[in-house]
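So you can see what is in the structure, the chains are spelled out below.
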Amino acid sequence: MVRHILLTGAAGKIGQILARMMPRAGEIWRLTDLTLEGMPEGKPFERMAGDLTDPGFVSEICSDVDAIIHMAGQSHEKGWEELIGPNIQGTANLWQAAADQRVERFIFGSTNHVLGMYPVGQRLDLSSPMRPDSRYGASKLFGEALAQLYADKSGVRGFVIRIGAFLERPTLQRHLIMWISHRDMCALVRLGLEADYHCETVFGISDNRRACYDNRRAYALGYCPQDDAEIYAGDVTEEAAEPDSPGYRLQGGSTCGREFLGNLAYLVDGKGIVGR
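Just so it is clear, the structure is predicted and the values come from calculations on it, not from any experiment.

Thoughts on the pairing of strand S1 (residues 3-8)
Here is step 1 of the chain: Counting buried residues in S1 gives five out of six residues, a clear majority hidden from the surface.
Here is step 2 of the chain: Relative to strand S2 (residues 27-33), S1 runs parallel, the two being bridged by six bridges. Directly across from leucine 7, in S2, lies its bridge partner leucine 31.

Focus: the sheet that holds strand S5 (residues 105-111)
Here is step 1 of the chain: Strand order in the open sheet formed by seven strands is S3-S2-S1-S4-S5-S6-S9, with parallel pairing between adjacent strands. If you trace the sheet from one side to the other, it starts and ends with strand S3 (45-49) and strand S9 (199-204), each paired once. If you compare each strand with its neighbour and ignore which way they point, the axes differ by 20 degrees on average.
Here is step 2 of the chain: Against the sheet, helix H1 (residues 13-21) makes contact with S1, S2, S3, strand S4 (67-70) and strand S6 (157-163), and its axis sits at roughly 155 degrees relative to S1, the strand it touches most.
Here is step 3 of the chain: Here helix H6 (residues 182-194) sits on the sheet in contact with S1, S2, S4, S5, S6 and S9, set at roughly 165 degrees to S6.

Concerning H6
Here is step 1 of the chain: With 13 residues, H6 extends 19 Å from end C-alpha to end C-alpha; this agrees with the ideal 18 Å at 1.5 Å per step.
Here is step 2 of the chain: Along H6, 10 of the 13 residues are buried, which leaves the element largely enclosed by surrounding structure.
Here is step 3 of the chain: If you check which residues of H6 are buried, you get His182, Asp184, Met185, Cys186, Leu188, Val189, Arg190, Leu191, Gly192 and Leu193.

Some details on the pairing of S5
Here is step 1 of the chain: Judged by how many residues are buried, S5 sits mostly within the fold: seven of seven residues are covered.
Here is step 2 of the chain: Side chains Arg105, Ile107, Gly109 and Thr111 project from S5 onto one buried face, and the interleaved Phe106, Phe108 and Ser110 project onto a second face that is buried too.
Here is step 3 of the chain: In terms of strand pairing, S4 meets S5 through four bridges, oriented parallel. Bridging from a neighbouring strand, isoleucine 69 pairs with isoleucine 107 of S5.
Here is step 4 of the chain: Once you follow S4 into helix H3 (residues 80-100) and on to S5, the crossover reads as right-handed.
Here is step 5 of the chain: In the sheet, S5 pairs with S6 via seven bridges, with the strands oriented parallel. Residue pairing in the sheet places isoleucine 107 in a bridge with phenylalanine 159 of S6.

Focus on the environment of cysteine 62
Here is step 1 of the chain: Note on placement: cysteine 62 falls in the loop between helix H2 (55-61) and S4.
Here is step 2 of the chain: Relative accessible area serves as the criterion here: at 0%, cysteine 62 is assigned to the buried category.
Here is step 3 of the chain: When near neighbours in sequence (up to four residues on either side) are disregarded, cysteine 62 contacts Leu6, Arg30, Ile68, Leu94, Ala97, Gln101 and Val103.

Some details on helix H4 (residues 135-154)
Here is step 1 of the chain: Along its 20 residues, H4 runs 28 Å from first to last C-alpha, staying within 8% of the 28 Å computed at 1.5 Å per residue.
Here is step 2 of the chain: Of the residues making up H4, those classed as buried are Tyr136, Gly137, Ser139, Lys140, Leu141, Gly143, Glu144, Leu146, Ala147, Tyr150, Ala151 and Ser154.
Here is step 3 of the chain: Where H4 ends, the next residue or the one after it, glycine 155, has phi of about 80 degrees, a positive value.

With respect to the pattern of salt bridges
Here is step 1 of the chain: Summed over the entire model, instances satisfying the criterion amount to 16 salt bridges.
Here is step 2 of the chain: For aspartate 228, the salt bridge identified is with arginine 209, shortest N-O distance 3.0 Å. Taken together, the positions of aspartate 228 in the loop between helix H7 (216-221) and helix H8 (246-249) and arginine 209 in the loop between S9 and H7 put the pair 19 residues apart, joining distant regions of the chain.
Here is step 3 of the chain: In this structure aspartate 228 comes out as buried when scored by relative accessible area, which is 15%.
Here is step 4 of the chain: Connected through shared salt-bridge partners, Arg24, Glu27, Arg190 and Glu194 make up one network.

Describing the confidence of the model for the protein
Here is step 1 of the chain: On average, residues of the protein score 95 in pLDDT, and 97% of them reach the 70 mark or higher.
Here is step 2 of the chain: Low pLDDT, under 50, characterises residues 272-276; the stretch is placed with 12 contacts to residues that sit more than four places away or in other chains.

Some points on the nonpolar core
Here is step 1 of the chain: Counting residues in hydrophobic clusters, the biggest one holds 34 residues, and the most contacted among them are Leu7, Leu18, Ile69, Met71, Ile161 and Met185.
Here is step 2 of the chain: Listing elements by their share of this core, those giving two or more residues are S1, H1, S2, S4, S6, H6 and H7.
Here is step 3 of the chain: If you tally residues by element for this core, the top one is H6, at six residues.
Here is step 4 of the chain: Beyond its immediate chain neighbours, meaning those up to four positions away, isoleucine 161 contacts Ile107, Phe108, Gly109, Ser110, Thr111, Met185, Leu188, Val189, Val202 and Gly204.
Here is step 5 of the chain: Judged by nonpolar contacts, the second largest core, of 25 residues, contains Leu6, Phe57, Cys62 and Ala147.

What counts and how
Residues numbered from 1 in each chain as written. Predicted model: local features only at pLDDT ≥ 70, side-chain atom pairs only at ≥ 80, totals over all residues. Heavy atoms only, no water. Buried < 20%, exposed > 50% of the residue type's maximum accessible area, 1.4 Å probe, protein only. Helix = DSSP H or I, 4+ residues; strand = E, 2+ residues; numbered from the N terminus. Pairing = 2+ DSSP bridges. Axes fitted to C-alpha atoms, helices over the stretch in contact; angles between N-to-C directions. Contact = heavy atoms within 4.5 Å. Expected span 1.5 Å × (residues − 1). Right-handed = clockwise from strand over helix to strand, strands pointing away. Salt bridge = Lys/Arg side-chain N within 4 Å of Asp/Glu carboxyl O. pLDDT = per-residue confidence, 0-100. Core = buried A, V, L, I, M, F, W, Y, C linked by side-chain atoms within 4.5 Å.

Here is the structure:
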């Protein structure tokens, strides 16, 4: 039986890697983004360019697909006017179309920035309350909420991946705790395509010995990461931030320091921290 998989954001950094590395025999991958430029061509691909804020286009690309891998959207901190369309309206359109067309699975690319305001060194798990470090992080929380909503009410299996530092290799000290290699990212997405679950959230990191996230749920589902950022520890550099700045002291890095007017001492001295 042929399996049809929709990949959004297929011209983006993550989408291009997934499209190049993941397809298997018996799968047809429908690739979509705002432009066809950057997408692979030929078998097993169908290519469609359009805007996810257009419900008609979204309904068209979701037709007859078995699973959706949603990696499209604005991936950096912006004003709300630049985030609401791609990260909120587009994501909402996609989930609704998935429900309407009875898509079996929906893999959602979230981000470590939903927890970015925790201090460096604080180990987090799936019970840790959300502390987004940006409007971008908050917009991804909206997508996570939709995963639970549509899994519970519409039966679309939701698989949320809180992606860390997706790079060919880590370059900064901070990456040693949250790096995910290309092949481990592909393995996590494959897990979302094949594992047995209702609605799950996992951390998108490799098997990093300095990891700040407890990823035991991913392992229980069958995730077997192959890489560890530690092998690059001698080659990384420190992030360019003052030692007493939000960008240095908080897990979200430089994103935490943008427009920061809060009380940094409160965030890092243990008050309000899970488990304290």
